[in-house]
Amino acid sequence: MAIEPTRLRAPALGAGFAALVVAVVAGLGVGPVGIAPRAVLYALVDAVPGLSADSGLSSIREAIVQEVRLPRVVLGLLVGATLSVSGAAYQGAFRNPLVDPYLLGVAAGAGLGATIAITQNLGDGSGLVDLVPLSAFAGALFAVVLSYGAGYIGGRSTASLVLAGVAVASFLTACQTYVLQANSDAFREVYSWILGRVATSGWSEPLLLLPYFVVAVAVMLRYRRALDILAVGDEEAQALGIDPRRVRIHVVVAASLGAAAAVSVSGLIGFVGIIVPHVVRLVFGTSYRVLIPLSILFGGAFMVLADLAARTLVEPAELPIGVVTAFLGAPFFVVVLRTSRREVW
Amino acid sequence: MPSITTDGLSVALGGVPILHGVDLDIGEGEWVNIIGPNGSGKTTLLRSLLGTIGYEGRIEIGGVVIDKPQDRARVLAYVPQSPVIPPGMYVVDYVMLGRTPHRGVFGRDTDTDVAVAIDVLNRLDLARFVEREVRSLSGGERQRVVLARALAQQADILLLDEPTTALDLGHQQDVLDLVDGLRRERGLTVIATLHDLTLAARYGDRIALLADGRIVVSGTPSEVLTAEVIAEHFGATVRIIDEPDGPVIVPATPDRSPR
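Quick look at the structure, then. (Residues numbered from 1 in each chain as written. Chains lettered and ligands numbered in written order. Predicted model: local features only at pLDDT ≥ 70, side-chain atom pairs only at ≥ 80, totals over all residues. Heavy atoms only, no water.)

## Concerning the overall build of chain B
Heads up, the rule is: Helix numbers and strand numbers start at the N terminus; a helix is a DSSP run of H or I with at least 4 residues, a strand a run of E with at least 2. The buried label goes to any residue with under 20% of its type's maximum accessible area, the exposed label to any with over 50%, and the partly exposed label to all in between, with areas taken from a 1.4 Å probe on protein chains only. Residues are treated as being in contact if the distance between any of their heavy atoms lies within 4.5 Å. Here the open area of atoms and residues is found with the Shrake-Rupley method and a 1.4 Å probe, where only the protein chains shown may cover a residue.
What chain B contains, in helices and strands, is 10 helices and 11 strands. Principal-axis analysis of the C-alpha atoms gives chain B an extent of 70 × 40 × 35 Å. Within the span of chain B, comprising 259 residues, buried residues form 51% of the whole. Counting only contacts in chain B whose residues sit at least 6 apart along the sequence, the fraction spanning at least 24 positions is 67%. Carbon and sulfur atoms make up 48% of the accessible area of chain B, which amounts to about 11,400 Å² in all.

## Looking at the interface of chain B and chain A
As a reminder, the rule being used: We define buried area as the total accessible area lost by two parts upon association, computed with a 1.4 Å probe and summed across both. Definition used for salt bridges: Asp or Glu carboxyl oxygen within 4 Å of a side-chain nitrogen of Lys or Arg. Polar contact is defined as a pair of N or O atoms within 3.5 Å, subject to the rule that within protein one atom must be able to donate a hydrogen and the other to accept it, and that residues adjacent in sequence are counted only when both atoms are side-chain atoms.
Across the contact, 43 residues belong to chain B and 29 residues belong to chain A. Note on chain B versus chain A: buried area summed over both sides is about 3,000 Å², and carbon and sulfur give 59% of it. Two residues, Arg-289 of chain A and Asp-93 of chain B, come together in a salt bridge whose shortest N-O distance is 3.8 Å. There are 8 residue pairs in polar contact (both at pLDDT 80 or more) connecting chain B and chain A. Residue assignment for the side of chain B that touches chain A shows that the elements contributing at least two residues are helix H1 (42–50), helix H2 (69–75), strand S5 (76–79), helix H3 (91–96), helix H4 (100–103) and helix H5 (111–123) of chain B. If one sorts the elements of the side of chain B that touches chain A by residue count, H5 of chain B sits on top with 5 residues.

## So, the side chain of Ser-160 of chain A
Position of Ser-160 of chain A among the secondary structure elements: in helix H6 (residues 158–182). With residues near it in sequence (within four places) discarded, Ser-160 of chain A still touches Gly-151, Gly-154 and Gly-155 of chain A.

## Notes on the layout of surface pockets
Just so we agree on the cut-off: Put simply, the grid is 1 Å and covers the protein atoms alone, a cavity is a trapped set of points that fit a 1.4 Å probe, a pocket is an open set with protein on both sides within 12 Å along at least five of seven lines, and lining residues have an atom within 4 Å of a point. Grid points are joined across faces, edges and corners, and a volume is the space filled by probe spheres set on the points. Under the convention adopted here, Pro, Cys and the residues Ala, Val, Leu, Ile, Met, Phe, Trp and Tyr are nonpolar, Asp, Glu, Lys and Arg are charged, and Gly plus all remaining residues are polar.
Taken as a whole, the largest pocket encloses approximately 690 Å³ of empty space. What lines the largest pocket is a set of 37 residues, and nearest its centre among them are Thr-6, Thr-286 and Ser-287 of chain A together with Gly-88 and Tyr-90 of chain B. Looking at the lining of the largest pocket, the elements that each hand over two or more residues are helix H3 (59–94), helix H9 (224–230), helix H12 (272–284) and helix H13 (288–312) of chain A together with H3 of chain B. Ranked by residues supplied to the lining of the largest pocket, first place goes to H13 of chain A with 3 residues. A breakdown of the residues in the lining of the largest pocket according to their chemical character gives 19 nonpolar, 7 polar and 11 charged.

## Some thoughts on a nonpolar patch on the surface
Residues and elements named next belong to chain A. As a reminder of what qualifies: Like charges within 9 Å and nonpolar side chains (Val, Leu, Ile, Met, Phe, Trp, Tyr) within 5 Å are joined into patches, using only residues over 30% in relative accessible area that form no salt bridge.
A contiguous nonpolar patch, built from Leu-122, Leu-131, Leu-134 and Leu-208 and spanning about 280 Å² of accessible area, is present on the exposed surface. With respect to the element layout, Leu-131 can be found in helix H5 (residues 131–153). A relative accessible area of 32% means that Leu-131 is categorised as partly exposed.

## Here's the deal with H3 of chain A
Residue and element names in this part refer to chain A. The criterion, for reference: Any helix carries an expected span of 1.5 Å times its number of residues minus one. Here the bend at a residue means the angle between the axes of two seven-residue stretches, the one that ends at it and the one that starts at it.
The end-to-end C-alpha distance of H3, which contains 36 residues, comes to 51 Å, matching closely the 52 Å that a straight helix rising 1.5 Å per residue would cover. Most pronounced at Arg-69, the bend in H3 amounts to some 45 degrees, and the proline Pro-71 follows within four residues. Of all 36 residues in H3, 29 are buried, a share of seventy percent or more. Just beyond H3, the residue with positive phi is Arg-95, at close to 50 degrees.

## Focus: the nonpolar core
What counts is decided by this rule: Residues belong to one nonpolar core when they are buried, are Ala, Val, Leu, Ile, Met, Phe, Trp, Tyr or Cys, and are joined through side-chain atoms within 4.5 Å.
Counting residues in each nonpolar core, the largest one holds 143 residues, and the members touching the most others are Val-79, Leu-83 and Met-220 of chain A together with Tyr-94, Leu-147 and Leu-158 of chain B. Looking at this core, the element that brings in the most residues is H3 of chain A, giving 15 residues. Not counting residues within four places of it along the chain, the set of residues in contact with Val-79 of chain A comprises Leu-209, Ala-262, Val-265, Ser-266, Ile-269 and Met-303 of chain A.

## Things to note about the pattern of salt bridges
Pairs can form between side chains of opposite charge once their charged atoms are near each other. Counted under the stated rule, the structure contains 22 salt bridges over all chains. Glu-4 of chain A is the salt-bridge partner of Arg-7 of chain A, the closest N and O atoms lying 3.5 Å from each other. The exposure class of Arg-7 of chain A is partly exposed, given its relative accessible area of 46%. Between Asp-109 of chain B and Arg-225 of chain A there is a salt bridge, and its shortest N-O distance comes to 3.3 Å.

## Description of unusual backbone geometry
The linkage connecting Glu-315 of chain A with the following residue, Pro-316 of chain A, adopts the cis geometry, with an omega of 0 degrees. Positive phi values are uncommon outside glycine, yet Arg-95 of chain A reaches one of about 50 degrees. When you line up the elements, Arg-95 of chain A lands in the loop between H3 and helix H4 (106–119). Phi angles above zero are rare outside glycine, and Ala-166 of chain B is one such case at about 70 degrees. The exposed category is assigned to Ala-166 of chain B, whose relative accessible area is 78%.

## Describing the packing of aromatic side chains
Worth spelling out the cut-off: Pairing of aromatic rings covers Phe, Tyr and Trp, the last counted by its six-membered ring, and requires centre-to-centre distances within 6.5 Å; plane angles under 30 degrees mean stacked, over 60 mean edge-to-face, and any other angle means tilted. Both a distance and an angle decide whether a charge sits over a ring: NZ of Lys or CZ of Arg must be within 6 Å of the ring centre and within 35 degrees of the ring normal.
A complete count under the given rule lists 5 aromatic pairs over all chains for this structure. Aromatic side chains Tyr-223 of chain A and Phe-106 of chain B sit 5.1 Å apart centroid to centroid with 80 degrees between the ring planes, which places their arrangement in the edge-to-face category. With Tyr-223 of chain A in the loop between helix H8 (204–222) and H9 and Phe-106 of chain B in the loop between H4 and H5, this pair bridges two chains. What makes Tyr-223 of chain A buried here is its relative accessible area of 9%. Residue Phe-106 of chain B is classed as partly exposed on the basis of its relative accessible area of 35%. One residue, Arg-222 of chain A, lies across the ring of Phe-106 of chain B, its end atom 3.7 Å from the ring centre.

## Concerning the sheet that holds strand S6 (residues 157–161) of chain B
All names here are of chain B. Cut-off, in case you're wondering: Note on pairing: two strands pair once DSSP finds at least 2 bridges between them. Angles run from 0 to 180 degrees between N-to-C directions of axes, and those axes are lines fitted to C-alpha atoms, restricted for helices to the stretch in contact.
A sheet is described by the order of its strands in space; here 6 strands give the open sequence S5-S6-S7-S3-S8-S9, paired in mixed fashion. On the outer flanks of this sheet lie S5 and strand S9 (214–219), each paired with one strand and no other. On average, each strand axis in the sheet is tilted by 20 degrees relative to the strand beside it, whichever way the strands run. Pairing geometry for strand S3 (residues 31–35) and strand S7 (residues 189–193), over 4 bridges, is parallel. From the neighbouring strand, Trp-31 faces S7, where its bridge partner is Val-190. Along the sheet, H1 makes contact with S3, S5, S6, S7 and strand S8 (206–211), crossing S6 at roughly 150 degrees.

In structure tokens:
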């Protein structure tokens, strides 16, 4: 008898990488200046230090690919992958399909941090560094610490942690609304931050996010089996010899860090952390051994394509990316839900 | 050689005392059924043996106190009363979960892990289901899959919490016959909680009656299952019919003769 436990197999992994390549080539090639896929690939190779390739593009066009679009595409990849994998991990850690990376108040905390920074004019470029993302990051971490503290007082159970997250998020959103009302001239700027974007003027944002992305992805990949064990519930997981609380706290801390960093550079992009993992589940199955790596690949690809839509649909204006992810994502999700025969929750 | 011994095992849940100084002494290869009315502490007793709840007193397994969950899971396998079946999980992956104590949280499946799973799946006649989702199976098949996961742990002691609930008569017998066969083949020690007293009498060597968190009677089925004991602790009126292979417990019907 041939028995093979579930693992990530070549076709699924190949599909993930193919989606990523298509998204990157489209993201680099499509825009006011169109560039052919082949030239995009050569320009990409040429952008790698130590390698050179002749893309046949004029230096201006090559600069558009390498210096204007590439940082933006990389940022989209990192944000999308981080939010998706964090969402998948949160859903596994809490065994709840409706949980997203903002569960413990990351979004509300980041929103408050960004609002304070914007209304106090900390992000107008007068300082050495843009303080909006840093302030947002601090706000997001503050929210997670607050949720954990409140959840701990509430009895350390998963349910009390989730409820604490809801309470903290509402509280911080109220604070943010108050700060904004008191500084209504900043309304437009704050609103545009909240709706999200992956625009970047260079490599500072991608580099800011990179270490958190690496940590979140490494922890999640390492714990993908543990999340499968957690699926049978805490008591049975314990009877199988693992410590579910320990697994949960490691996963949640890594996911929260990643989500906080992503949100601080991109604003509150919703829906990605829920939709991408669920689509992967519906298509490739529910095992976290498959779900975690594929959420990284498809999450990155999805965000790059969403950003492409955001900057081309109403050219020369840009749509907020949070609008695009939900506007395109929701119907797509319904289609997948309708065609899939899998029972995933 | 005692397989599992408890000494003054007491448990309180949320400040409410559930078990009061339970002393158990279960020998290697023995099958002991724990019976008792609802709320008497049967499941709590199993959970404390498993180490999933806090307790006072002493639990020795194979003569030693085991603290580490992973070590415990290598000697003690558990079949819960209502196992959580994750959506979309395949039979093969579910049974492989039983290998967790041998490879830890981060380990990969070794050839040994797969070989053990194959052996168990064949033994339990589950080979044809490996690519099915556990949730798509019938109650009886599902119960065997859960048992397969426990056996994949290769533990010497099997804890069964109400293994026959939700099964029809034929499947109840199938599961208990299967456990009995495995016990003989593999020298397992079995500790089971059971509601059906006739089944408890038919399978296993010994019965321990738990009432209000204390073991009140322990012994062979005919020693424990008397009409007086059942009336006192279950509040039930029964007749005991002595059969060659154990007592049969029949509810006594109230007098229905016309007045």
